[in-house]
Amino acid sequence: MTRVRLKGINSKRKRLADGTEVTYYWAYRGGPRLPGKPGSPEFVQAYYDAYHAKRPAPANTLLAVMNAYQDSGDFKKLAPRTRADYITQIRKIETSFSDFPLTALKDRRSRAIFLKWRNGLAEGGKTRQADYAAGVLAIILSWAYHRGLIEANPTEKLGKLHRGTRVEKTWGAETEARFMASAPPHLRLAFVLALWTGQRQGDLLRITWKAYDGQYLRLTQQKTDVPVIIPVAAPLKALLDPIRGDDNTPILKPTRGTAWTSTGFQPSWRKACLDAGVSGVTFHDLRGTAVTRLAKAGATVPEIATLTGHSLKDVQAILDRHYLSRDVEMAESAIRKREAAEKISDRSSDRAA
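Keep in mind it's a predicted model, so treat the numbers as computed, not measured. (Residues numbered from 1 in each chain as written. Predicted model: local features only at pLDDT ≥ 70, side-chain atom pairs only at ≥ 80, totals over all residues. Heavy atoms only, no water.)

Student: Just to check I follow, could you spell out helix 13 (residues 301–308) for this structure?
Tutor: Counting along an α-helix, one turn takes 3.6 residues, and residues three or four places apart therefore face a common direction. Along helix 13, the residues that are buried comprise Val301, Ile304, Ala305, Leu307 and Thr308. In a view along the axis of helix 13, the buried residues occupy a sector of 165°, so they form one face of it. Where helix 13 terminates, the next one or two residues include Gly309, which has phi positive at roughly 85°. (Buried < 20%, exposed > 50% of the residue type's maximum accessible area, 1.4 Å probe, protein only. Helix = DSSP H or I, 4+ residues; strand = E, 2+ residues; numbered from the N terminus. Arc of directions from axis to C-beta.)

What follows is the structure in C-alpha cells.
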C-alpha cells in the first residue's frame, strides 16, 4: 500500500512512572489525541475524522460528497483496514479535486480529466495503486449518484491500467523448503498458519489463543464478517501445541512486543524472504496456494470455501483464472485417469467380442 503523509500531526514523548517512554500524537496543535500507532486503521481514521471536522467542505464540491460518503453507513460498515486504505486513496483524490464543482460532473470532458489524473498516478509503474485510487473515486461517485447527490458519474467503467495476474504465483515445494529452513520460528509459524488455513494476513495477526481448542481454530473474518471453523492439520498442530499461550495473547507475535500490526509484520516478512532467497511470491499468495493445494488433494469447491471463507464463486475463479489453468500436475493427473479408464473400457470390449 502506498503511504500518504498525514500533515500537521503533533507528537510528544513522555516518560511513564515505570520508566518506559511513550509517544502521544495529536491530529494538529490543540486538536484531538489520536489512538493506536501511526499507520494503523484506527489512527488514520481518527486523523481524518479530526481533519474533516476542522475543515468544513464547501457545498456543491466533490469534497462535500467525499465527506458525506465517509459519514455514511456504507463506509462505516467496512472493515477498519479497508476504511484506512480508502482514506489513503481519498487523500489523493482530495489533493487534486477537493474544490471540483459537482455541476462539472455533467460535462463530458470531466471523464477525460479523471482519466488523465489516474494515468498520472500510474507513472513509474504504479498502475495498481492508480487503479485503486480511481476505483475508490468511482465507488464514491456511484454512491452519490444513486442517492441523488450528483447528476452524473463520469468515472463509471473507467477500465483498468494494471494487467497483473496471480498465474503461477503460488509457493512451490522448493520455495517453501528454502523459507522454512531459513526463517526464524515466529515467521515459520506464520507461514504454516497461512498455508494450512488459507486466511488473510490481517485475520491471522488478530487471532488469539482463545480461538484454538486443540482441534479447531475459530474466527470471524474481518473483511467479510464470515465465521469459519478450521480443522487444524497435523503440521500446524505440531507447531501450536508446544507454545500455547494465554487466551488473549495473539498466536502470531514478534520476538519483541505483544502484538503485530500489518505495517510491522510486512518488513519482517520481506526480510525473511530476502534472507531465504525467496522472490516473486508474497504472504497473500499463501491464501491462493492453500486453495490450490486443497484442489490438488481432491477437495471440492464447497469444501475449500467452507475452510477458507471464500465464496463458491471466488474459489472457482481462483482455480479457473489464476492458479490451475497452467498447472502441469493437474493436466498429468487428468490424462492418467483417462488412460486408466479407457484401458478398462478396452478390456470390456475385448470380453464382449
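Student: What is the right way to read the packing of aromatic side chains from this model?
Tutor: Centre distance and the angle of the planes are the two values used to describe a pair of aromatic rings. Across all of its chains, the model carries 17 aromatic pairs by this definition. Ring centres of Trp171 and Trp269 lie 6.1 Å apart, and the angle between their planes is 65°; this geometry places the pair in the edge-to-face category. Note that Trp171 is positioned in the loop between helix 6 (127–145) and helix 7 (173–182) and Trp269 in helix 11 (residues 262–276), a separation of 98 residues in sequence. Relative accessible area serves as the criterion here: at 2%, Trp171 is assigned to the buried category. Taking 4.8 Å as the distance between ring centres and 90° as the angle between the ring planes, the aromatic pair formed by Trp269 and Phe283 counts as edge-to-face. A residue pair is termed long-range when its members are at least 10 positions apart, and Trp269 in helix 11 and Phe283 in the loop between helix 11 and helix 12 (285–296) qualify at 14 residues. (Phe/Tyr/Trp six-rings, centres within 6.5 Å; stacked < 30°, edge-to-face > 60°.)

Student: I keep staring at unusual backbone geometry and nothing clicks. Help me out?
Tutor: Apart from glycine, the bulk of residues carry a negative phi angle, and the bulk of peptide bonds sit in the trans form. For Lys157, which is not a glycine, the phi torsion comes out positive at approximately 55°. Turning to its location among the elements, Lys157 is positioned in the loop between helix 6 and helix 7. Lys157 gets classed as exposed once you look at its relative accessible area, which sits at 74%. In this model, Asp225 sits at a positive phi of 65°, which is unusual for a non-glycine residue.

Student: Help me understand helix 5 (residues 109–121) in this model?
Tutor: With 13 residues, helix 5 extends 19 Å from end C-alpha to end C-alpha; this agrees with the ideal 18 Å at 1.5 Å per step. Where helix 5 is concerned, the buried positions are Ser110, Phe114, Trp117 and Arg118. One face of helix 5 carries all of its buried residues, which in axial projection span an arc of 95°. Facing away from the buried side of helix 5, by more than 90 degrees, are the exposed residues Arg109 and Lys116. Elements that come into contact with the buried residues of helix 5 comprise helix 4 (80–97) and helix 6. (Expected span 1.5 Å × (residues − 1). Contact = heavy atoms within 4.5 Å.)

Student: Whenever I open this one, the pattern of salt bridges confuses me. Can you help?
Tutor: Two side chains of opposite charge can pair, provided their charged atoms sit close to one another. Tallied over the entire structure, the rule returns 11 salt bridges. Glu176 is paired through a salt bridge with Arg293; the nearest N and O atoms lie 2.9 Å apart. In this pair, Glu176 is assigned in helix 7 and Arg293 in helix 12, connecting sequence segments 117 residues apart. The salt bridge involving Asp275 is made with Lys271; its shortest N-O contact spans 2.9 Å. Taken together, the positions of Asp275 and Lys271, both in helix 11 and four residues apart, correspond to about one turn of that helix. (Salt bridge = Lys/Arg side-chain N within 4 Å of Asp/Glu carboxyl O.)

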